[in-house]
Number of protein chains: 2
Amino acid sequence: MPNTKIPYKTYLDESEMPQKWYNLRADMKNKPAPLLNPGTGEPMKAEELEGVFCKDLVEQELDNDTKYFDIPEEIKEFYKMYRPSPLVRAYFLEKKLGTPAKIYYKFEGNNTSGSHKLNSSIAQAYYAKKQGLKGVTTETGAGQWGTALSMACSYFDLDCKVYMVKVSYEQKPFRREVMRTYGASVTPSPSMNTEVGKKINAEHPGTTGSLGCAISEAVEDAVTHEGYRYVLGSVLNQVLLHQSVIGLETKAALDKIGEKADIIIGCAGGGSNLGGLIAPFMGEKLRGENDYQIIAVEPQSCPSFTRGRYAYDFCDTGAICPLAKMYTLGSDFIPAPNHAGGLRYHGMSSILSQLYDDGLMEARTAAQTDVFKAAEEFARVEGILPAPESSHAIKVAIDEALKCKETGEEKTIVFGLTGTGYFDMVAYEKFHDGEMEDYIPSDEELEKSLAKLPKVEEK
Amino acid sequence: MPNTKIPYKTYLDESEMPQKWYNLRADMKNKPAPLLNPGTGEPMKAEELEGVFCKDLVEQELDNDTKYFDIPEEIKEFYKMYRPSPLVRAYFLEKKLGTPAKIYYKFEGNNTSGSHKLNSSIAQAYYAKKQGLKGVTTETGAGQWGTALSMACSYFDLDCKVYMVKVSYEQKPFRREVMRTYGASVTPSPSMNTEVGKKINAEHPGTTGSLGCAISEAVEDAVTHEGYRYVLGSVLNQVLLHQSVIGLETKAALDKIGEKADIIIGCAGGGSNLGGLIAPFMGEKLRGENDYQIIAVEPQSCPSFTRGRYAYDFCDTGAICPLAKMYTLGSDFIPAPNHAGGLRYHGMSSILSQLYDDGLMEARTAAQTDVFKAAEEFARVEGILPAPESSHAIKVAIDEALKCKETGEEKTIVFGLTGTGYFDMVAYEKFHDGEMEDYIPSDEELEKSLAKLPKVEEK
């Protein structure tokens, strides 16, 4: 029988929920590199970005110094719809593993978007509404971000146009229906709605699309329609700012039960979850107040941190967006079919890239079949069916807990369980049927896409 | 801005969770009618039932007098995996409706089975394990019960054989995969595993099955294999006993925030959710301590309470199971295709049938398209995508809240939100595409199936 002095689930009271987002950049000595104008090579100015993004969000994007941003009342109220999320003590998993380690996870999946994405989508929708816009555009791959944005837009009565990668649109009709339930219009990409879509359709008849292409379509749609702006669910500084609510709640809950984390683990695609989860812990580390081992986990098939280059690159395939300095595999890199759709991005948030380059965190890869093994083991004892993305963190949490079993160390491991896998059963089916394959990109493949990185002279 | 003195979500502390299940029958003056042996017309004896059901469960099934049953430690521990479930104040819905009513819902969907079914499946698996059995068999239609049972069996390392109605097996492959994730074997019914399955396949080649047929197969499989018993997710007294945890938590949470319910609403299929939710409130009503308006909501297409007859009937189509006295449409009644799969049962729990017959609760029907309208309205403001079953309760809760708006009454409405609709997106799609139809069975249709009720002389 486990020691039940610490509850299975710790919820903050609503009065204990964060009132401010924490801007990790304010505590970074080496600031993340600025976005560059691909034409001039100069840092993007606010007025340039405001054609694409909402005004207040541009301010948040560029602000490296303000340590805290007040969370507007309307957003705090919306947060109460599905937050605080529980910090769960994984007693059942600990028992199964026979580890002396204490394992905790912050579970962000108890909302209809099925993930943490709602934390930022509601903020972005709020600022769009505040600016008096008609609506927003975005792209979605696996569909979690599109669902989160459609929920947020429905709440603020904003028009929501989602460009969904065609192959996902066809293979994930249920995700599409959830978005429709929230009133979003969902268009398979590439479409005939945009010039870039028409061009791609003409050049590649029958293409099933890509995330890079969908981004380009969503941006074009926003800048060519009065009263619309483009919003993005990861990578950007503003997104990590909003997602800091995950880490702030985690820290507050740990403090409440008198625990201190030793290891913090998160999956890493564009970096939204990881950046949010680690924010206050990394802040303490940067200020020299506490030390933590921080581990990013990425798919073996899309290893930006572990095999990418730290360089300026395009954020989208169409090269419409500004250049960002990040650990990247090259915007030309096409990740192998991998069911953790949310981790299939060629680059990594500039903030996390800088922290990684500064040696403040480590990164590991996980093979897909190992990830699903961990997911199933976790589901059977903890009762939650995890998303493939989140399961990357589970895999490494189990690895670390088993190390503790060997050494006898009673480390406190905290990982981010970003979401549920209810819409990923096709992947689970492949795993059950033994049809899932691992994929490791070859050195030649990576060299080829990295050779196409834009030439940028940093100023 | 809503009054936030009462939190959006009230969670009991783990120490406040129920320690005992409440047996409503102990407070009923008119006890529910006993199960009868179809051969002799005599009440089923414990030893007759023990061939089909686990020993401890038979005891619970037949006990009309013991008021409280201790919840075994192992089950209390498992409950902490996903309970306590939140009692949510529907501030967002109230605001949208502009009602002076206070609306609360008990949300049972935050677990992988997606519903309240886990409350009883873990209990049934526990007693099977305690008895030293190898495994259990069951049937599932929509798949929530099958998922809940597979989770419970995985936890206790029991074999779990699920007979899934063939049409659901084929149309809901994702549900099937969730069950496989938990190690269950899932067989499309009718199968060639059982005599009754072979017979039905021979008589109706190409049939897509029915719940009644799947029950018969599961029962036959259990009684013909050493070390197996059959378990059922609704209708039975034991199931309502386990589900009383819903009502007990609801009552404790209301007491904690100083609220008293005026109206309690639940959807009704076999009665597991409704019976559990209302248990302690009905108890107070029976003991004359408090009065509550209690409303059962059933689909217009399967109206057991409102258009059925209170009589002894078969529980399954194959007539293998004992006879139960219940409000029934006749075991021959085939409900029209209706996406609230969990509510498509021809009869109703004997306990609820007796209470209804005694005038202690009322019943209403809801048309399917109205149910989905309510579901979508709810999803947009409360952020939870409800199961079609649960949405029957939402529909009537909204109706009652709008009545309060007219009269100005500040009633406190509590309803059961039994689960989520992530695996019901085909139904949502039909609704969005305007292809959903309502169905009202004709009087002739009902008379025809009721004419086949077995002749039973009550002793």
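Everything here concerns the structure above.
The residue numbering used here restarts from 1 in each chain and proceeds along that chain's sequence as written. Lettering of chains starts at A and numbering of ligands starts at 1, both following the order in which they are written. The predicted nature of this model means local features are confined to residues of pLDDT at least 70 and side-chain atom pairs, given and counted, to a pLDDT of 80 or more, with totals for whole chains, interfaces and linings taken over all residues. Hydrogens are left out, water is left out, and the side-chain values use all remaining heavy atoms of the structure.

## Here we look at the relation of the copies chain A and chain B
Placing chain A over chain B gives an RMSD of 0.0 Å and needs a rotation angle of 180°, together with 0.0 Å of translation along the axis. With respect to symmetry, the two chain copies, as superposed, fit the operation of a two-fold axis. Whether two residues are in contact is decided by their heavy atoms: any pair within 4.5 Å suffices. A symmetric contact is evident, with 100% of the interface residues of chain A recurring at the interface of chain B. Residues reaching a pLDDT of at least 70 in both copies supply the C-alpha atoms on which the copies are superposed by least squares.

## Things to note about the nonpolar core
Met-361 of chain A together with Met-361 of chain B are the most contacted members of the largest nonpolar core, which totals 240 residues. With sequence-adjacent residues up to four places away left out, Met-361 of chain B is seen in contact with Leu-274, Ile-278, Met-282, Ile-294, Ala-296, Phe-305, Leu-352, Leu-355 and Tyr-356 of chain B. Side-chain atoms within 4.5 Å link the members of a nonpolar core, which is a set of buried Ala, Val, Leu, Ile, Met, Phe, Trp, Tyr and Cys residues. Summary of the burial criterion: residues with accessible area below 20% of their type's maximum are buried, those above 50% are exposed, and those between are partly exposed, where the area comes from a 1.4 Å probe applied to protein chains only.

## Comments concerning empty space enclosed by the protein
It is the rolling of a water-molecule-sized probe over the atoms that shows where space remains empty. All names here are of chain B. Of the grid points, spaced at 1 Å and generated over the protein atoms alone, those admitting a 1.4 Å probe that cannot get out make up cavities, while open sets with protein on both sides within 12 Å along at least five of seven lines make up pockets; any residue with an atom within 4 Å of a point is treated as lining. Grid points are joined across faces, edges and corners, and a volume is the space filled by probe spheres set on the points. Scanning the model with the defined rule gives 13 cavities of 30 Å³ or more in all. Taken as a whole, the largest cavity spans an internal volume of roughly 560 Å³. In terms of lining, the largest cavity is formed by 39 residues, of which the most central are Lys-117, Leu-211, Gly-233, Ser-234 and Gly-342. Each helix corresponds to a stretch of at least 4 residues labelled H or I by DSSP, and each strand to a stretch of at least 2 residues labelled E; elements are numbered beginning at the N terminus. Counting residues per element, the ones that place at least two in the lining of the largest cavity are strand 6 (135-140), helix 6 (144-156), helix 10 (211-223), helix 12 (272-286) and helix 16 (388-407). Of the residues belonging to the lining of the largest cavity, the class tally is 18 nonpolar, 17 polar and four charged. All residues other than Ala, Val, Leu, Ile, Met, Phe, Trp, Tyr, Cys, Pro, Asp, Glu, Lys and Arg, Gly among them, are scored as polar; the first ten of these are nonpolar and the last four charged.

## Let's talk about the side chain of Ser-216 of chain A
Within the fold, Ser-216 of chain A resides in helix 10 (residues 211-223). Leave out the neighbours within four places in its chain, and Ser-216 of chain A touches Val-196, Asp-316, Thr-317, Gly-318 and Ile-320 of chain A.

## Details of the packing of helix 2 (residues 55-62) of chain A against helix 11 (residues 237-257) of chain A
When two helices pack together, their arrangement is given by the angle between the helix axes and by the axis-to-axis distance. Residue and element names in this part refer to chain A. Direction vectors running N to C along helix 2 and helix 11 enclose 90°, while the axes themselves pass 7 Å from each other. By the angle class used here, helix 2 and helix 11 are roughly perpendicular. Within the contact between the two elements, helix 2 uses Leu-57, Gln-60 and Glu-61 and helix 11 uses Asn-237, Gln-238, Leu-241 and His-242. Considered class by class, the residues forming the contact of helix 2 with helix 11 number two nonpolar, four polar and one charged. Axis angles are defined between N-to-C directions and span 0 to 180 degrees, where every axis is a line fitted to C-alpha atoms and, for a helix, only to the segment in contact. With respect to orientation, any angle under 35 degrees is reported as roughly parallel, any angle over 145 as roughly antiparallel, any angle of 65 to 115 as roughly perpendicular, and every other angle as oblique.

## So, the packing of helix 9 (residues 195-203) of chain B against helix 10 of chain B
All names here are of chain B. Relative to each other, helix 9 and helix 10 sit at 145°, their axes nearing to 8 Å. Residue-level contacts link Glu-195, Val-196, Gly-197 and Ile-200 of helix 9 to Cys-213, Ser-216, Glu-217 and Glu-220 of helix 10. A breakdown of the residues in the contact of helix 9 with helix 10 according to their chemical character gives three nonpolar, two polar and three charged.

## Some remarks on the interface of chain A and chain B
Listed by partner, the interface residues are 46 residues for chain A and 47 residues for chain B. A simple way to read buried area is as the amount of 1.4 Å-probe accessible surface that goes missing from two parts once joined, with both sides added. For the chain A and chain B pair, buried surface summed over both sides reaches about 4400 Å², with 56% attributable to carbon and sulfur atoms. The working definition used for a salt bridge is a side-chain nitrogen of Lys or Arg within 4 Å of a carboxyl oxygen of Asp or Glu. Linking chain A with chain B are four salt bridges. Between Arg-176 of chain B and Glu-429 of chain A there is a salt bridge, and its shortest N-O distance comes to 3.2 Å. For this analysis, a polar contact is any N or O atom pair within 3.5 Å, provided that within protein one partner can donate a hydrogen and the other can accept it, and provided that sequence-adjacent residues contribute only side-chain to side-chain pairs. On the surface where chain A and chain B come into contact, there are 27 residue pairs in polar contact (both at pLDDT 80 or more). Breaking the side of chain A that touches chain B down by element, the ones donating at least two residues are helix 3 (73-82), helix 4 (91-97), helix 6 (144-156), helix 8 (173-181), helix 15 (368-382) and helix 17 (425-432) of chain A. For the side of chain A that touches chain B, the leading source of residues is helix 8 of chain A, giving six residues.

Just geometry here; none of it tells us what the structure is for.
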